[in-house]
Structure formats: structure tokens, C-alpha cells
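This is what each chain is made of:
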Amino acid sequence: MQASPFESGAPFGSRRAIIRRNPKDMQEIEMIEAAWGLEAWEKGGKPFRFVRSEGKTFPRNRCLVPASEFQVTNGDRKFRVTLDDGNFFYLAGVWHPATEDRGVSYAILTIEANPDIFFYQERQGAVLLRRQNMAWLDRKLPEDEILQPLPARSFLVEEIAPRVAQAVQHELAL
């Protein structure tokens, strides 16, 4: 498996690999391609890509979204966020089965941002370290224990789209 950057601004319906328990054989773990974003729960509601995790339980249809980084924006600035040790990680998610109109789809669960991210935005996707993946898929820990911000200094944050300063052309004197 190769983890790639997670693009939270990707268009609704864009495809990405997710990892889940096979619904036909729960002993099997599978990687499938799924559409980004879930249809509204109620008729006429807006589709969504993120689900706030606090106060909720997710007893079924859990998934993992492998990622090497995620991005945050703050105004006109964009930042790349990676784990400080360079490892890939998973974002905790939930998936919905295919319907007549749409294939399997997924959304990312959000949590309060960890101290490294909080400076840029108040919430973030729920990052799970590689050692936590089976605890999430198999419901080995309650949601409020596993869906927690990582400690401070867990992430490296690098600006990738800095503000564009107004260039001033100065006349050269010889």
C-alpha cells in the first residue's frame, strides 16, 4: 500500500482508497475505492464530507483512509501537515454502502485540533497511528478514547502556498 496526501478540498465524489472490514466476510480486511463525501441523511439536505465525532458512536461501517499528509488552510495560506517521524497514518472514517445512484462512499471524522494544528484551525480529521488501525476497525476501544488529538509536537507543519508579496522593481544604478 502506498499512502498519498489527503486533500480535504477534493471535489465531492472524487475517488480514494479506503480500508474496511468486508461486509460479506467480517474476518477479511479489504481495500476498496470509494467516493469522497456522503449524501445527506434527510431528503433535501446537503451532502457532507466530514462528521463531527464528539458525542457520537460508530458501531458499524468504520473505515481507515491511509494518508502521508493532510493540508490545512488559514486565510490565503496553505500548509502541509505530516507526522514528525515521517510515517504515514490513517484518518478515521465511516463508509456508506452503494446505492442505485452512487457507489460506496465515505466521510472523515473530525476532532478538536491538536496543539500543532490549533494555531491554523480549530478542528482536524481524526488521525490514527498505524498501531491504532485495528482498534478502530474492530471497535476495541470506545470512540472517546481512540478519537483524540495527538500530543503536541506530533506533527510538522510546513507552508506550501505562502502569501504572495507585492514585488517591487527597483532601478539598478551602475
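Above this text is the structure in question.
Caption draft 1: Representation of the packing of aromatic side chains. The tally for this structure, following the rule as stated, stands at nine aromatic pairs. Ring centres of Phe 70 and Phe 155 lie 5.8 Å apart, and the angle between their planes is 85°; on these two criteria the pair is classed as edge-to-face. With a gap of 85 residues between them, Phe 70 in strand E5 (residues 62-74) and Phe 155 in strand E11 (residues 155-161) connect regions that are remote in the sequence. Its relative accessible area of 5% is what places Phe 155 among the buried residues. Linked through ring pairs, Phe 6, Trp 36, Phe 50 and Tyr 106 together constitute an aromatic cluster. Geometry around Trp 95 places Arg 20 over its ring, the cationic atom sitting 4.3 Å from the centre.

Caption draft 2: Representation of the pairing of strand E6 (residues 77-83) in the model. Sheet topology places E5 next to E6; five bridges connect them, and they run antiparallel. Within E6, the position partnered with Phe 70 by the bridge is Val 81.

Caption draft 3: Local environment of the nonpolar core. Within the largest apolar cluster, 27 residues are counted, with the highest numbers of intra-cluster contacts made by Phe 6, Ile 18, Phe 70, Tyr 106 and Phe 155. Every element with two or more residues in this core is listed here: strand E3 (25-36), E5, E6, strand E7 (89-96) and strand E8 (105-112). Sequence-distant contacts of Tyr 106, that is, excluding residues within four places in its chain, are made with Phe 6, Arg 16, Ile 18, Ala 34, Ala 35, Trp 36, Gly 37, Leu 38, Cys 63, Val 65, Val 94 and Trp 95. Grouped together as the second largest cluster of nonpolar side chains are 19 residues, Ile 19, Ile 111, Ala 135 and Leu 137 included.

Caption draft 4: View of the environment of Val 81. Looking at the secondary structure, you find Val 81 in strand E6. Classification of Val 81 by relative accessible area gives buried; the value is 0%. Considered as a pair, Val 81 and Glu 159 are 78 residues apart in the sequence and their alpha carbons are 8.9 Å apart. The residues contacting Val 81, other than those within four sequence positions of it, are Glu 69, Phe 70, Val 72, Ile 117, Phe 155, Leu 156 and Val 157.

What counts as what
- Residues numbered from 1 in each chain as written.
- Predicted model: local features only at pLDDT ≥ 70, side-chain atom pairs only at ≥ 80, totals over all residues.
- Heavy atoms only, no water.
- Phe/Tyr/Trp six-rings, centres within 6.5 Å; stacked < 30°, edge-to-face > 60°.
- Helix = DSSP H or I, 4+ residues; strand = E, 2+ residues; numbered from the N terminus.
- Buried < 20%, exposed > 50% of the residue type's maximum accessible area, 1.4 Å probe, protein only.
- Lys NZ or Arg CZ within 6 Å of the ring centre and 35° of its normal.
- Pairing = 2+ DSSP bridges.
- Core = buried A, V, L, I, M, F, W, Y, C linked by side-chain atoms within 4.5 Å.
- Contact = heavy atoms within 4.5 Å.

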